[in-house]
Amino acid sequence: MNHEPSTLAIAIFLGMVGITLGISFYLGRKAKDSAGYFAAHGQIPWFVNGVAFAGDYLSAASFLGICGMIAFYGYDGFLYSIGYLAGWIVALFVVAEPMKRLGKFTFADALNAKFNSPGIKLAAGVSTLAVSVFYLIPQMVGAGVLVRPLLGLPHWAGVVLVGAVVIVIVVTAGMVSTTWVQFIKGGMLVAFSTVLTVMILQRGFHAEPELPAAQTIVKQADGTVLVNGLPKGDSPGEGQLQPVGSISKLPGGVEKTGPLGPLEFFSKLEQSEVVLWSKSEVKGDDGSTTTTFSPKPTPGSQILQPGASPTFAGIRSEKFSDKLNFLSLMLALFCGTASLPHILIRYYTVKDEAAARKSTIVGIACIGFFYVLTLYMGLGAMTSGALDVTDSNMAAPLLARSMSELLFAIISAIAFTTVLGTVSGLILASAGAVTHDLLESVTTVHLTDAQRVRIAKMAAVVVGIIAIFLGIAFKELNVSYLVGWAFSVAASANLPALVMLLFWRGTTKQGIIAAVLVGMISSLGWILLSGDTYAAVYGLPKENSIVPFSQPGIVTIPLGFITLIAVSLLTGGQRQQAPAPS
Amino acid sequence: MANRNARIGLILFVVYLAFYSGFVLLAAFSPATMARTPWAGVNLAIWYGFALIAAALILALVYGYLCRIEVPSEPVRPAPGARDTASASKGGHQ
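Residues numbered from 1 in each chain as written. Chains lettered and ligands numbered in written order. Predicted model: local features only at pLDDT ≥ 70, side-chain atom pairs only at ≥ 80, totals over all residues.

**Describing the overall build of chain B**
- Regarding its fold elements, chain B presents four helices and zero strands.
- Moving toward the C terminus, one meets the helices and strands of chain B in the order α-α-α-α.
- Across the 94 residues in chain B, those meeting the buried criterion constitute 27%.
- Contacts in chain B between residues at least 24 apart in sequence constitute 59% of all its contacts with a sequence separation of at least 6. (Helix = DSSP H or I, 4+ residues; strand = E, 2+ residues; numbered from the N terminus. Buried ≥ 20, exposed ≤ 12 C-beta atoms within 10 Å, placed from the backbone. Contact = placed C-beta atoms within 7 Å.)

See the structure below:
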């Protein structure tokens, strides 16, 4: 689908990025030492930190991915919302206060508080880097997706733009300005999503009984592309894909519902018939590929229950392994949040455990409220002609465009700063891991404070450049799907070590190192060998994969725990450390 | 006090875990139940989903409230934390 850049959108977008950078430079002047650069001197007020949690957490996957998935398939995207939010319960009740009590700069600090072992630092540092890079890919892909309609730039330009701006933010400023950027962005995202939801409810539904025509893209052997039978382009005689998404029948045969209440919204949709779009691809003998998008009227009641999308179709299957795939993902989402390095480092920016606790509660309130809105925004996009059949990630911004150009500009700019914020948090977490964990565990040279900050900044530039390349390479992959995997790796590698350290005195340093490494390697290995990766990355048939289902969590998280317990029991003779901290 | 907070946290954690597991298992093994519309024409999947989000916030507030009673003005904890703070500020003056 073609997207016209709009001057207003560009102006608002540049204004917001400019303001963000201005704040970064202004606040960054003060952060010269390690404590300032990595942990904002522990001086961030708890309320600000709480909203910044929302800013960190509500990444491109939440805003673009979940809304898009709901818009395309209905309720299934909301399953991600539920899982992502539930993870905060683990963060608050189990991890928040001990993290604050035990650590200083990084997650590895907390793991290592009892043992002072370079091995733990190394293992935890490597897993921080692995999770962060995995999590960075979908963010960068999201950035590329956003700039296409907003600025009319190609995908790679968006990725490079985000990468460059984020490197500037992280290098000049560190945790203080990253936190404030997150705060502003988190607050604006929730506020404008509320505005959008109110507008959806005010507008209500309308029915378009006439079924739209199917749309086709033909890629011919010589490389030319035909859209709906015409050469691709905007002039008369050329073709473009049309935006889709409509209701074909409303209850009672009415044409318009008028303004709806928040519950009426669902009850009306339950009894309506919605036009969804299915995609099929046929390879012709002449080397051409025809992709057909065909309308598929679907009862609303089908859309409002789990299992309508390909990702969660296993729910409706009779095969037990398909159901396991779903259970595995929901477990990984539940356990993953409290293991994400860029979330965990935020506990070091507040002054004490009470502040850590309070800011988590504020975070849960903001994030939970936002996730309720995702269902309205996604279904709103599904029913208001705001879908690009080729790209589910664009649903939320295009929904805004269907309301007004101004709102579209603001929402797009917020979505872009969303990516900026999350990416800067991730790069900062990686830089911290390189400086504090990797470097200090492999070298004995004592670094001065200024040297550490300099090394962290260099690491930030390197990680940023790697992220740019990955963002361009992986542009075909689905954003929220990739994030699900990042959660699996985080939960498998980090959670067993963290939880057992807190609750079992028999934990040894060898046990922790083994659990982190086994969890990380097994979950990464499982993902690389899964059917979904076979199909999406290697282009091999899904059935050839070695593992029985795609989501590793349900196997690799328990595996991490078992490894830790077994290795700890075997090496238990060396247990002479202080009593367990909790 | 850290112990007491951890115990409260664990209890609330188990409560939420049970509620969440109920949702996941129902979605996986009894989709027909999720499709029912028990109240206001809105189906159970949506009610349960919203209830999970509301429950997370309510339990979080309960936890915050229970932890607050015992520790009205909690000072920075000694033990490992103190060492960390000291070394951090030492680092800061180099």
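**Brief notes about the sheet that holds strand β1 (residues 215–219) of chain A**
Residues and elements named next belong to chain A.
- Spatially, six strands are ordered β3-β2-β1-β6-β5-β4 in an open sheet, and the strand pairing comes out antiparallel. Strand pairing shows two members of the sheet lacking a second neighbour, β3 (230–231) and β4 (246–249), which therefore form its edges.
- Relative to strand β2 (residues 225–227), β1 runs antiparallel, the two sharing three bridges. Looking across to β2, one finds that Val218 is bridged to Leu226. (Pairing = 2+ DSSP bridges.)

**Quick notes on the interface of chain B and chain A**
- At the junction of the two partners, chain B supplies 46 residues and chain A supplies 49 residues.
- Here the side of chain B that touches chain A gets 14 residues from one element, more than from any other, and that element is helix α3 (residues 44–70) of chain B.
- A class-by-class count of the residues in the side of chain B that touches chain A yields 31 nonpolar, twelve polar and three charged. (Nonpolar A, V, L, I, M, F, W, Y, C, P; charged D, E, K, R; others polar.)

**Here we look at the packing of helix α9 (residues 175–203) of chain A against helix α14 (residues 353–382) of chain A**
All names here are of chain A.
- Their axes nearest at 9 Å, the elements α9 and α14 cross at an angle of 40°. Of the possible angle classes, the one that applies to α9 and α14 is oblique. The two elements α9 and α14 meet at a crossing, and its hand is left-handed. Where α9 approaches α14, its residues Gly186, Leu189, Val190, Ser193, Thr194, Leu196, Thr197 and Ile200 are matched on the opposing element by Cys366, Phe369, Phe370, Leu373, Tyr376, Met377 and Gly380.
- Among the residues forming the contact of α9 with α14, the class breakdown is ten nonpolar, five polar and no charged. (Axes fitted to C-alpha atoms, helices over the stretch in contact; angles between N-to-C directions. Parallel < 35°, antiparallel > 145°, perpendicular 65-115°, else oblique. Left-handed = near helix turned anticlockwise from the far one by under 90°.)

**Considerations on helix α3 (residues 46–57) of chain A**
- Counted at 1.5 Å a residue, the expected span for α3 of chain A with its twelve residues is 16 Å, and the 16 Å between its end C-alpha atoms agrees.
- The complete set of buried residues in α3 of chain A reads Val48, Asn49, Gly50, Val51, Ala52, Phe53, Ala54, Gly55, Asp56 and Tyr57 of chain A. (Expected span 1.5 Å × (residues − 1).)

**Quick notes on the domain arrangement of chain A**
All names here are of chain A.
- Each assigned domain of chain A is listed with its residue range as follows: domain 1 (7–21 + 37–202 + 321–475) and domain 2 (207–316).
- At the junction of the two partners, domain 1 supplies 25 residues and domain 2 supplies 26 residues.
- Among the elements of the structure, α4 (60–73), α5 (76–102), α9, α12 (320–336) and α14 are those that each provide at least two residues to the side of domain 1 that touches domain 2. (Domains from an automatic or database assignment.)

**What to know about the environment of Leu10 of chain B**
- Relative to the assigned elements, Leu10 of chain B resides in helix α1 (residues 2–29).
- Distance from Leu10 of chain B to Met34 of chain B, taken between C-alpha atoms, is 29 Å for residues 24 residues apart in sequence.

**With respect to the environment of Ala535 of chain A**
Residues and elements named next belong to chain A.
- Looking at the element boundaries, Ala535 is found in helix α20 (residues 531–538).
- Residue Ala535 is classed as partly exposed on the basis of its 16 C-beta neighbours within 10 Å.
- C-alpha separation for the pair Ala535 and Ser545, spaced ten residues apart in sequence, amounts to 9.2 Å.

**Section: the confidence of the model for chain B**
Residue and element names in this part refer to chain B.
- Looking at chain B, pLDDT values average 73 and 69% of them are 70 or higher.
- Here residues 71–94 is modelled with pLDDT under 50, and outside its nearest four sequence neighbours on either side it reaches 26 contacts, counting other chains as well.
- The ipTM assigned to the predicted complex is 0.79, against a pTM of 0.82. (pLDDT = per-residue confidence, 0-100.)

**Notes on the packing of α12 of chain A against helix α21 (residues 553–570) of chain A**
Residue and element names in this part refer to chain A.
- Interhelical geometry of α12 versus α21 gives an angle of 50° and a closest axis separation of 8 Å. Our classification of the angle between α12 and α21 gives oblique. Touching Leu324, Leu327, Ser328, Leu329, Leu331, Ala332 and Cys335 of α12 are Gly553, Ile554 and Ile557, all from α21.
- Residues that form the contact of α12 with α21 fall into these classes: eight nonpolar, two polar and no charged.

**Quick word on the nonpolar core**
- By size, the foremost hydrophobic cluster in this structure holds 212 residues, and its most contacted members are Ala381 of chain A together with Ala56 of chain B.
- Each of domain 1 (7–21 + 37–202 + 321–475) and domain 2 (207–316) of chain A contributes no fewer than three residues to this core.
- Residues in contact with Ala56 of chain B, not counting those within four places in the same chain, are Leu85, Ala86, Trp88, Ile89, Ile364 and Gly368 of chain A together with Tyr16 of chain B. (Core = buried A, V, L, I, M, F, W, Y, C linked by C-beta atoms within 7 Å.)

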